[in-house]
Number of protein chains: 2
Amino acid sequence: MSYNYGGGYGGQGYAPPGGAPPSYGQPGGFAAAPPAGPPPGADPQLWNWFAAVDTDRSGQVSVYELEKALINGDWTPFDLDTVKMLMSIFDTDRSGTIGFNEFSGLWKYIKDWQNVFRHFDRDRSGTIDGSELQDALRQFGFNLNPQLMRLVEKKYDIKATGPTGRGPGSPGITFDRFVRCCVVIKQLSESFMRLDTDRDGWIQLNYDQFLQTVLSLP
Amino acid sequence: MSYNYGGGYGGQGYAPPGGAPPSYGQPGGFAAAPPAGPPPGADPQLWNWFAAVDTDRSGQVSVYELEKALINGDWTPFDLDTVKMLMSIFDTDRSGTIGFNEFSGLWKYIKDWQNVFRHFDRDRSGTIDGSELQDALRQFGFNLNPQLMRLVEKKYDIKATGPTGRGPGSPGITFDRFVRCCVVIKQLSESFMRLDTDRDGWIQLNYDQFLQTVLSLP
């Protein structure tokens, strides 16, 4: 028996990350202005951005500071669940904050996602609509059926609430929610594959495993 | 074979909803000030609040308007996923907006949850911490093991990102996220029960069912 979930996540087809810093808020990036003085050995531009985000000058970026710094292309702040997701990915020493080295990884990750976002935002609207999202997920190797696509769009669109996934004037998916959406679909698919040990397309879960799997999602 | 997920959601043990309108932002409610003139037959206070939230005077409350109106006890806006959840519960005619009658239901729901929140916020901190959350979920009939409790707390706490669920200075769960958390645990448990047709404590899912179940959560 075969099953149709994608295993790939290559991200082929869009431009590879360049060396330029994220543009000022388009389609998603840091809002703060850089201050002076990089430490020796550090990439000066990157250190400037780190210092700008680290508003209390603690040498560490907290969730509060990151939340204040990250904005979408439409100037709305990143949603908290996306900020927390980024923290949990890049806080590799589990200190609860992001040091300069961890910040480098976070920075690159956001830059890479900006390129992905720009690539799939074909109409340059600043948000991702249903067909753009479908293209992105397909390119990542996730071929969701139309019903699931409508569900994903409804969940991550910033305003859609209707059953069709397109409320009146539905404006699409902002950068923060696009990144979270892709990470959730990837993580769900990986969880499914891990649990489907005999590769028959079905998984068996007890209540604790079910909750554990779902509550681990960003 | 028995399984330990809770089926109850009685909410016993806290005060029943009273007749008073939500207090101004404590622990969660509407930020806008009421204007003049209820229509005939309507509860005047309730209509005032509706008209205050309906800032474009369309006679319908949009996601935008609701998002602007709803604030937590700490004056932060409700997170968008909670606003969308409220819209999808109370937009019963699936118009994409909330009319006055739908607003009545939404209003009562928020008042009820305010009472629940106040009851379980034993230390009157304005947020729900791990042990308060555990009490609340237990009283609703959901007995999660300690590992799952840490995961739930980490997910819904406004700042916690660490593996223990308690980052440095972790301030707890705000009203919006508390409501969403309880609704998610309830919905997950109901999904599990529905899928566990032979009541043996295990469910079998294919990839589409798995995604459908998870992506339907608020």
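Residues numbered from 1 in each chain as written. Chains lettered and ligands numbered in written order. Predicted model: local features only at pLDDT ≥ 70, side-chain atom pairs only at ≥ 80, totals over all residues. Heavy atoms only, no water.

Student: Let's hear about the overall build of chain A: which residues, and what values?
Tutor: Per the secondary structure count, chain A includes 8 helices and 3 strands. The helix and strand sequence of chain A, counted from the amino end, reads β-α-α-β-α-α-α-α-α-β-α. Here chain A holds 218 residues, and the buried ones make up 54% of them. A separation of at least 24 residues holds for 59% of the contacts in chain A among residues at least 6 apart in sequence. Carbon and sulfur atoms make up 54% of the accessible area of chain A, which totals about 9,100 Å². (Helix = DSSP H or I, 4+ residues; strand = E, 2+ residues; numbered from the N terminus. Buried < 20%, exposed > 50% of the residue type's maximum accessible area, 1.4 Å probe, protein only. Contact = heavy atoms within 4.5 Å. Areas by Shrake-Rupley, 256 points an atom, 1.4 Å probe, with all protein chains shown as cover.)

Student: Pulling in residues and values, what's your account of the UniProt feature "domain: EF-hand" (unreviewed entry) in chain A?
Tutor: When the UniProt feature table is mapped onto this chain numbering, "domain: EF-hand" (unreviewed entry) sits at residues 41-76 and 108-143 of chain A. Annotated as residues 41-76 of chain A, this span is 47% helix and 8% strand, and its ends, taken at the C-alpha atoms, are 34 Å apart. (UniProt positions renumbered as here; feature names shortened; annotations may be inferred.)

Student: Mind laying out the interface of chain B and chain A, listing which residues take part and the relevant values?
Tutor: Listed as interface residues are 57 residues of chain B and, on the opposing side, 57 residues of chain A. The largest per-residue losses of area from chain B upon contact with chain A belong to Lys159(B), Tyr207(B) and Leu215(B), which jointly make up 15% of the total buried on that side. Inspection of the chain B/chain A interface yields 20 residue pairs in polar contact (both at pLDDT 80 or more). Taken together, the elements giving at least two residues each to the side of chain B that touches chain A come down to helix H2 (63-69), helix H3 (80-90), helix H6 (146-156), helix H7 (175-195), strand S3 (202-206) and helix H8 (207-215) of chain B. Here the side of chain B that touches chain A takes 9 residues from H8(B), the largest share from any one element. Residue composition of the side of chain B that touches chain A, grouped by class: 29 nonpolar, 16 polar and 12 charged. Sheet analysis places strand S3 (residues 202-206) of chain A next to S3(B), joined by 5 bridges and oriented antiparallel. Looking across to S3(B), one finds that Gln204(A) is bridged to Gln204(B). (Buried area = accessible area lost by both parts, 1.4 Å probe. Polar contact = N/O pair within 3.5 Å; in protein donor to acceptor, adjacent residues only side chain to side chain. Nonpolar A, V, L, I, M, F, W, Y, C, P; charged D, E, K, R; others polar. Pairing = 2+ DSSP bridges.)

Student: Give a detailed account of the relation of the copies chain B and chain A, specifying residues and quantitative values.
Tutor: In this arrangement, two copies of a chain are superimposed by a rotation about an axis accompanied by a shift along the axis. Of the transformation placing chain B onto chain A, the axial shift is 0.0 Å and the rotation is 180 degrees, giving an RMSD of 0.0 Å. One copy is carried onto the other by what is essentially a two-fold rotation axis. No C-alpha of chain B lies nearer the rotation axis than that of Gln204(B), which sits 2.3 Å from it. The fraction of interface residues of chain B whose copies in chain A are also interface residues reaches 100%, indicating that both copies meet through the same surface. (Least-squares fit on C-alpha atoms with pLDDT ≥ 70 in both.)

Student: Tell me what's going on with the side chain of Thr213(A), and back it up with residues and numbers.
Tutor: Looking at where Thr213(A) falls in the secondary structure, it is placed in helix H8 (residues 207-215). Of the residues examined, Thr213(A) reaches a relative accessible area of 13% and is grouped as buried. In terms of polar contacts, Thr213(A) uses its side chain to reach the backbone carbonyl oxygen of Gln209(A), at 2.7 Å. Dropping the residues within four chain positions of it, Thr213(A) is found in contact with Ser191(A), Leu195(A), Leu205(A) and Phe210(B).

Student: Kindly report on the confidence of the model for chain A, identifying the contributing residues and their values.
Tutor: All names here are of chain A. Counting all residues, the mean pLDDT for chain A is 84, and 79% of those residues have values of 70 or more. Contacts from residues 1-25, a stretch scored under 50 in pLDDT, to residues over four places away or in other chains number 70 contacts. For residues 162-168, every residue scores under 50 in pLDDT, and the model assigns this stretch 16 contacts once sequence neighbours within four places are set aside. With a pTM of 0.83, the predicted complex shows an ipTM of 0.82. (pLDDT = per-residue confidence, 0-100.)

Student: Requested: an account of the packing of H3(B) against H7(B), with residues and values cited.
Tutor: Each pair of packed helices can be described by the angle between their axes along with the distance between the axes. Residues and elements named next belong to chain B. Interaxial distance between H3 and H7 falls to 9 Å at its minimum, and their mutual angle equals 60 degrees. Looking at the two axes, H3 sits oblique to H7. At the point where H3 passes H7, the crossing takes the left-handed sense. Taking contact as the criterion, the partners of Asp81, Thr82 and Met85 in H3 are, on H7, Asp176, Arg177, Val179, Arg180 and Val183. Among the residues forming the contact of H3 with H7, the class breakdown is 3 nonpolar, 1 polar and 4 charged. (Axes fitted to C-alpha atoms, helices over the stretch in contact; angles between N-to-C directions. Parallel < 35°, antiparallel > 145°, perpendicular 65-115°, else oblique. Left-handed = near helix turned anticlockwise from the far one by under 90°.)

Student: With reference to specific residues and values, describe H8(B).
Tutor: In an α-helix, one turn spans 3.6 residues; hence positions three or four apart end up facing the same way. Residues Tyr207(B), Phe210(B), Leu211(B), Thr213(B), Val214(B) and Leu215(B) constitute the buried set of H8(B). With a side-chain oxygen positioned 3.2 Å from the backbone nitrogen of Asp208(B), the residue opening H8(B) is Asn206(B).

Student: Could you give an account of the pattern of salt bridges, with specific residues and numbers?
Tutor: In this structure the tally under the stated criterion is 14 salt bridges over all chains. Put simply, Asp81(A) and Arg180(B) hold a salt bridge, and the shortest N to O gap is 2.9 Å. Placement of the pair is Asp81(A) in helix H3 (residues 80-90) and Arg180(B) in helix H7, with the two residues belonging to separate chains. Judged by its relative accessible area of 4%, Arg180(B) is buried. For Glu190(A), the salt bridge is made with Lys186(A), and the minimal N-O distance between the two is 3.1 Å. Taken together, the residues span about one helical turn, with Glu190(A) and Lys186(A) both in helix H7 (residues 175-195) at a distance of 4 residues. Residue Glu190(A) is classed as partly exposed on the basis of its relative accessible area of 33%. A cluster of three or more residues bridged by salt bridges with shared partners is formed by Asp79(A), Arg177(A), Arg180(A) and Asp81(B). (Salt bridge = Lys/Arg side-chain N within 4 Å of Asp/Glu carboxyl O.)

Student: Please provide a residue-by-residue account of helix H5 (residues 130-139) of chain A, values included.
Tutor: All names here are of chain A. Of the residues making up H5, those classed as buried are Gly130, Glu132, Leu133, Ala136 and Leu137. Across the axial projection of H5, the buried residues extend over an arc of 160 degrees, all falling on one side. In this fold, the buried residues of H5 make contact with helix H4 (100-120), helix H6 (146-156) and H7. Of the residues that open H5, the one with a side-chain oxygen 3.1 Å from the backbone nitrogen of Ser131 is Asp129. (Arc of directions from axis to C-beta.)

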